[in-house]
Amino acid sequence: MALIETSGHQLDIGDRVKMNIKVIGEGDMDGVAFTTNGKDYWRYMNEHPNEVYTVTDYDRELDQYILSGYMGDNSWCADELIHVPQPETVFEDIKNMTFEEMKERLFRMVLAQCEDGVPSPDAIAEWLQSKPENDK
């Protein structure tokens, strides 16, 4: 169940998102590049355009989403976020992990592939193209 419909799409707690840099750049930079906490979110998102975040909360008063990671000290409107769909392959799963998820899951995933020794490049390619296991 989605929390609320805003700007044409709905996000749930736990959804993965990327920053919509184009839309954010067309808006007011107050609170994005010019902040009271000293963070320059604008610079960070431009330096890390493919970083994925998780929706961790929703502020009904502001009608904005709270994210994980570096962007978590700020709140964001729905149109400033791009929903990242569920991955269909292990490659997509790894590519769309947040930093926290990589820290927790990536080592275990790679280690499982090395149980019978170092896999060949073809075996790695086959694994990356396979359906991801739900190991969260």
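Calculation notes
- Residues numbered from 1 in each chain as written.
- Predicted model: local features only at pLDDT ≥ 70, side-chain atom pairs only at ≥ 80, totals over all residues.
- Heavy atoms only, no water.
- Pairing = 2+ DSSP bridges.
- Helix = DSSP H or I, 4+ residues; strand = E, 2+ residues; numbered from the N terminus.
- pLDDT = per-residue confidence, 0-100.
- Contact = heavy atoms within 4.5 Å.
- Buried < 20%, exposed > 50% of the residue type's maximum accessible area, 1.4 Å probe, protein only.
- Core = buried A, V, L, I, M, F, W, Y, C linked by side-chain atoms within 4.5 Å.

Peer 1: Explain the sheet that holds strand E6 (residues 75-76) here, please?
Peer 2: Within a sheet, neighbouring strands are paired by backbone hydrogen bonds and run either parallel or antiparallel to one another. With respect to topology, 5 strands assemble into an open sheet ordered E6-E5-E4-E3-E7, the strand pairing being antiparallel. Edge strands, defined here as strands with exactly one partner in the open sheet, are E6 and strand E7 (81-84). Here 4 bridges tie strand E4 (residues 53-59) to strand E5 (residues 64-67), and the two strands are oriented antiparallel to one another. Residue pairing for E5: Asp-57 is matched across the bridge by Ile-66.

Peer 1: Whenever I open this one, the confidence of the model for the protein chain confuses me. Can you help?
Peer 2: Low pLDDT means the predicted coordinates in that region are not meant to be read closely. Mean pLDDT over the protein chain works out to 86, with 91% of the residues at or above the 70 mark. Contacts for the low-pLDDT stretch residues 1-7, under 50 throughout, to residues beyond four places or in other chains number 23 contacts.

Peer 1: Teacher, can you tell me more about the environment of Glu-115 here?
Peer 2: Mapped onto the fold, Glu-115 is located in the loop between helix H4 (99-113) and helix H5 (121-128). The exposure class of Glu-115 is exposed, given its relative accessible area of 65%.

Peer 1: Teacher, can you tell me more about the nonpolar core here?
Peer 2: The nonpolar side chains of soluble globular proteins are, as a tendency, buried together. Judged by nonpolar contacts, the single largest core of 19 residues is most densely connected at Met-19, Met-45, Leu-67, Met-71, Trp-76 and Leu-81. For this core, the secondary-structure elements that each account for two or more residues are strand E3 (16-19), helix H2 (41-47), E4 and E5. Beyond its immediate sequence surroundings of up to four residues, Met-71 is in contact with Met-19, Tyr-41, Tyr-44, Met-45, Tyr-53 and Trp-76. Grouped together as the second largest cluster of nonpolar side chains are 5 residues, Ile-94, Met-97, Met-109 and Trp-127 included.

Peer 1: So what exactly am I meant to see when it comes to the pairing of E5 here?
Peer 2: Each regular strand displays side chains that alternate between the two surfaces of the sheet. Here E4 folds back onto E5, and the loop between the two strands holds 4 residues, one of which, Asp-63, carries a positive phi near 60°. Pairing of E5 with E6 involves 2 bridges; the strand directions are antiparallel. Pairing of Tyr-65 across the sheet is with Trp-76, part of E6.

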